[in-house]
Amino acid sequence: MPFDLKTAGYWTALAGRLKPDTGLFIDGEFVEAASGARFATINPANDAVLAEVARGGAADIDRAVASARRAFRTAPWARIPPRARMEVLYRFAELIEAHAEAFAVLDAQDMGKPIAEMLTIDVPGSLACFRFMAEAADKITGSTTATGEQALHYILRQPLGVVGCIVPWNYPLMMAAWKIAPALAAGNAVVLKPAEQSPLSALLLGRLFVEAGGPPGILNVVPGFGEEAGQALARHMDVDKIAFTGSGEVGGLMMEYAGQSNLKHVSTECGGKSPHVIMADAPDLETAVNTAVAGIYGNQGEVCSAGSRVLVERAILPDVLDAFAARTRETVHVGDPLDPATTLGPLVTRSHQRRVLDYIETGRTEGARLAFGGMVPPGCEGGAYVAPTLFADVDNGMRIASEEIFGPVGAVIPFDGLDEALRIANDTVYGLAAGLWTRDLTKAHRFAAGVECGMVWINGYMNGDMTQPWGGWKQTGNGRDKCFEAVVAHTQTKSVWVTLG
Ligand code: NAD
């Protein structure tokens, strides 16, 4: 059932009533940080302090990991019949659904995402993830191998143990769901470290897991800063895996930390600069442009898979630029995240706003042509807003085409023919996603086979469901979220060789 989008007044009143949890969630209860320290989490729509949250540090990570290890060894989570785990995860999903409005308001205020996106994308996407992963719990299988009759050889697939999940702020609830659901379904214990910009929804997840019947200690949530709580978790000697989503720079640190500590498993889901290619023979140019607009301005452009490089075949360039501007004017509504009519909220922080505005300045000095936007929208100076922005005449070598801006800034790059489109598409260190609009099957399949990335959309962009492996090639990292593979990635094999005589 779709969620009712209601009115701005309804959400503002709910935001006024909500009392978010602000402790660390360790061993099934909320506790203070060992240091007693707290940090402010800020609403980027108006710079107001939303809450003062306990600031986890190394001592708290030690406590959380010890709790997770104890629960993994002593609670029956890893050993109960998988269907019993499935039941808990289903109840967990039901409770998340029952608290959908609270989750929507918490993330909308914590990082500026429009409430309508929370209710149509993040909350339903998170529920789908928990339910899919719950169903996966009893589909994990081992195998037997061919042997002579003097032996039986079977291969068990068992949980890893303690998994540290480190997530970014751009989809606080959904990224947490993508990380913790497969880890829990496979029977692991988890320590979740949400981003310091958006810790509130993760804390509600911790509480609801225990309310759903999850054993205390199987899901711990430790908010805190990357270099404190995050680093302590990733360097911990008793953590078996770090499942990371975030920037490539920090993804690289995760691999270093693993090497410097206990060789824990590391999966990384990092940035992107995805090409969204519109050929002159697109089956429906209007839909292609509309999709490209949504593909760059959705979630303020703070999307790993944003189609931030819009490659347009030269013959249709003027038409596409006109349509892009018109569609943006018609459909992108900058405003208060709690207003269901808003489609573009503020960026996550003032410092990120400055970074995105600096990139816009860079685009100008590099010689790209500013087609529209490029400033703080008039009247929105009270929050971290940036207007939807488009650069035309962009060369793929410019910084605005090669670096991840992570804001509502598109770069239109002209090309001639599929070969050039493919060359430009692949001329990036990233490899998360790509889109292509064409009615020519040969072009479509040649592009899909030749483009160097983990996900390709033909005549669409960002469509998919839980069966789709979500992850990238190259410097986007090695992880795969969603999909059954994500559950398997939280297990390890054990070979049992039985001598029969
Ligand atoms: P970030 O790398 O700054 O932070 C991510 C997480 O790592 C946060 O929880 C942070 O506290 C933690 N962290 C930071 N420094 C750390 C350190 N030294 N040690 C341990 N932990 C540390 O990224 P961000 O700004 O929160 O998120 C934006 C990035 O995430 C973008 O690059 C985006 O593309 C990427 N992302 C990728 C995907 C994907 O599926 N590939 C999905 C969403 C976001």
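This one's a predicted model, so the numbers in the text were calculated from it and none came from an experiment. (Residues numbered from 1 in each chain as written. Predicted model: local features only at pLDDT ≥ 70, side-chain atom pairs only at ≥ 80, totals over all residues. Heavy atoms only, no water.)

With respect to the site of the ligand
Inclusion rule: Any residue with at least one heavy atom within 4 Å of a molecule or strand is counted as near it. Within 3.5 Å is the distance limit for a polar contact, defined as a pair of N or O atoms, with the added protein rule that one can donate a hydrogen and the other accept it, and that residues adjacent in sequence qualify only through two side-chain atoms. Secondary structure counts use DSSP, requiring at least four H or I residues in a row for a helix and at least two E residues in a row for a strand, with both numbered from the N terminus. Under the grouping applied here, Gly and all other residues not named as nonpolar or charged are polar, the nonpolar ones being Ala, Val, Leu, Ile, Met, Phe, Trp, Tyr, Cys and Pro and the charged ones Asp, Glu, Lys and Arg.
Close to the ligand lie 30 residues; Val167, Lys193, Glu196, Ser247 and Glu404 are nearest. Between the ligand and lysine 193 there is a distance of 2.6 Å, counted from an oxygen atom to a side-chain nitrogen or oxygen. With respect to the ligand, the side chain of glutamate 269 contributes an N or O atom lying 3.5 Å from an oxygen atom. Listing elements by their share of the shell around the ligand, those giving two or more residues are helix 8 (226-234), strand 10 (241-245) and helix 9 (248-260). The residue makeup of the shell around the ligand, split by class, is 17 nonpolar, eight polar and five charged.

Considering the packing of aromatic side chains
As a reminder, the rule being used: Two rings from Phe, Tyr or Trp (for Trp, the six-membered ring) form a pair when their centres are within 6.5 Å of each other. A pair whose planes differ by under 30 degrees is stacked, one over 60 is edge-to-face, and the rest are tilted. Remark: exposure states derive from per-residue accessible area (1.4 Å probe, protein chains only) relative to the maximum for the residue type, with buried under 20%, exposed over 50%, and partly exposed in between. Only when the NZ atom of a Lys or the CZ atom of an Arg is both within 6 Å of the ring centre and within 35 degrees of the ring normal do we say a charge sits over the ring.
With the rule as written, the count across this model stands at 11 aromatic pairs. Between phenylalanine 92 and phenylalanine 130 the ring centres are 4.9 Å apart and the planes differ by 65°, which places this aromatic pair in the edge-to-face class. On the criterion of sequence distance, the pair formed by phenylalanine 92 in helix 3 (residues 82-98) and phenylalanine 130 in helix 5 (residues 115-136) is long-range, its members being 38 residues apart. Judged by centre distance (6.2 Å) and plane angle (80°), the ring pair of tyrosine 297 and phenylalanine 324 falls under edge-to-face. Taken together, the positions of tyrosine 297 in helix 10 (residues 285-297) and phenylalanine 324 in helix 11 (residues 317-331) put the pair 27 residues apart, joining distant regions of the chain. Of the residues examined, tyrosine 297 reaches a relative accessible area of 2% and is grouped as buried. Accessibility expressed as a relative area gives 0% for phenylalanine 324, which makes it buried. Through a chain of ring-to-ring contacts, the aromatic side chains of Trp77, Phe92, Phe130 and Phe209 assemble into a single cluster. Over the ring of tyrosine 171 we find lysine 113; its NZ or CZ atom is 3.6 Å from the centre of that ring.

As for the domain arrangement of the chain
Where we set the bar: Note: domain ranges come from an automatic or database domain assignment. Any two residues having at least one pair of non-hydrogen atoms within 4.5 Å are treated as being in contact. In short, buried area is how much 1.4 Å probe accessible area vanishes from two parts on joining, totalled over both.
Domain parsing of the chain yields domain 1 (23-42 + 49-270 + 477-495) and domain 2 (275-465). If you average the C-alpha positions of domain 1 and of domain 2, the two centres end up 31 Å apart. Listed by partner, the interface residues are 15 residues for domain 1 and 21 residues for domain 2. Overall, the association of domain 1 and domain 2 removes approximately 1400 Å² of surface from exposure, summing both partners, and the carbon and sulfur fraction of that is 61%. Among the residues forming the side of domain 1 that touches domain 2, the class breakdown is eight nonpolar, four polar and three charged.

Remarks on the side chain of glutamate 302
Put simply, the rule is: Asp and Glu count as negative and Lys and Arg as positive, but His and the ends of the chain are not part of the count. Salt bridge, as applied in this entry: a Lys or Arg side-chain nitrogen positioned within 4 Å of an Asp or Glu carboxyl oxygen.
Looking at the element boundaries, glutamate 302 is found in the loop between helix 10 and strand 13 (309-313). Among buried Asp, Glu, Lys and Arg side chains, glutamate 302 stands out as unpaired, with lysine 113 the closest opposite charge at 7.0 Å.

Some details on the sheet that holds strand 19 (residues 491-499)
Worth spelling out the cut-off: Only when DSSP finds a minimum of two bridges between them are two strands counted as paired.
With antiparallel pairing, the three strands of this open sheet are ordered in space as 5-6-19. In this open sheet, the two edge strands, each paired with only one partner strand, are strand 5 (143-144) and strand 19. One ladder, built from nine bridges, connects strand 6 (residues 151-159) with strand 19; its direction is antiparallel. Looking at strand 19, one finds that histidine 153 is bridged to tryptophan 497.

Let's talk about the nonpolar core
Inclusion rule: Take the buried residues of types Ala, Val, Leu, Ile, Met, Phe, Trp, Tyr and Cys, join any two whose side-chain atoms come within 4.5 Å, and each joined set is a nonpolar core.
Of all hydrophobic cores here, the largest spans 129 residues; its most connected members are Phe92, Ile180, Leu192 and Phe324. Each of domain 1 (23-42 + 49-270 + 477-495) and domain 2 (275-465) accounts for three or more of the residues forming this core. In contact with phenylalanine 92, not counting residues within four places along its chain, are Phe130, Ile180, Leu205, Leu208, Phe209, Ala212 and Leu219. Of all hydrophobic cores here, the second largest spans 29 residues; its members include Val356, Ala401, Ala411 and Ala421.

Some remarks on the state of the cysteines
Worth spelling out the cut-off: Throughout, disulfides are identified as pairs of cysteine sulfur atoms within 2.5 Å of each other.
For the coordinates displayed, the defined rule picks out zero disulfides. Just so you know, cysteine 453 is unpaired, no disulfide at all, and the nearest cysteine sulfur is the one on cysteine 304, 12 Å from it. Using a relative accessible area of 7% as the deciding quantity, one classes cysteine 453 as buried. Take cysteine 483: it sits in no disulfide, and the sulfur closest to it among the cysteines is that of cysteine 129, at 10.0 Å. With relative accessibility at 3%, the residue cysteine 483 sits in the buried group.

As for the environment of serine 143
Summarising the element assignment, serine 143 is placed in strand 5. With a relative accessible area of 36%, serine 143 lands in the partly exposed category. C-alpha separation for the pair serine 143 and leucine 5, spaced 138 residues apart in sequence, amounts to 48 Å. In this view, serine 143 contacts His153, Tyr154 and Ile155; residues no more than four positions away in its chain are not counted.

Things to note about helix 4 (residues 100-111)
In plain terms, the rule: Multiplying 1.5 Å by the helix residue count minus one yields the expected span of that helix.
Relative to the 16 Å expected for 12 residues at 1.5 Å per residue, helix 4 spans 17 Å between its end C-alpha atoms, a close match to the ideal helical length. Of all 12 residues in helix 4, 11 are buried, a share of seventy percent or more. For helix 4, every residue scored as buried is listed here: Ala100, Ala102, Phe103, Ala104, Val105, Leu106, Asp107, Ala108, Gln109, Asp110 and Met111. At the C-terminal side of helix 4, glycine 112 shows a positive phi close to 90°.

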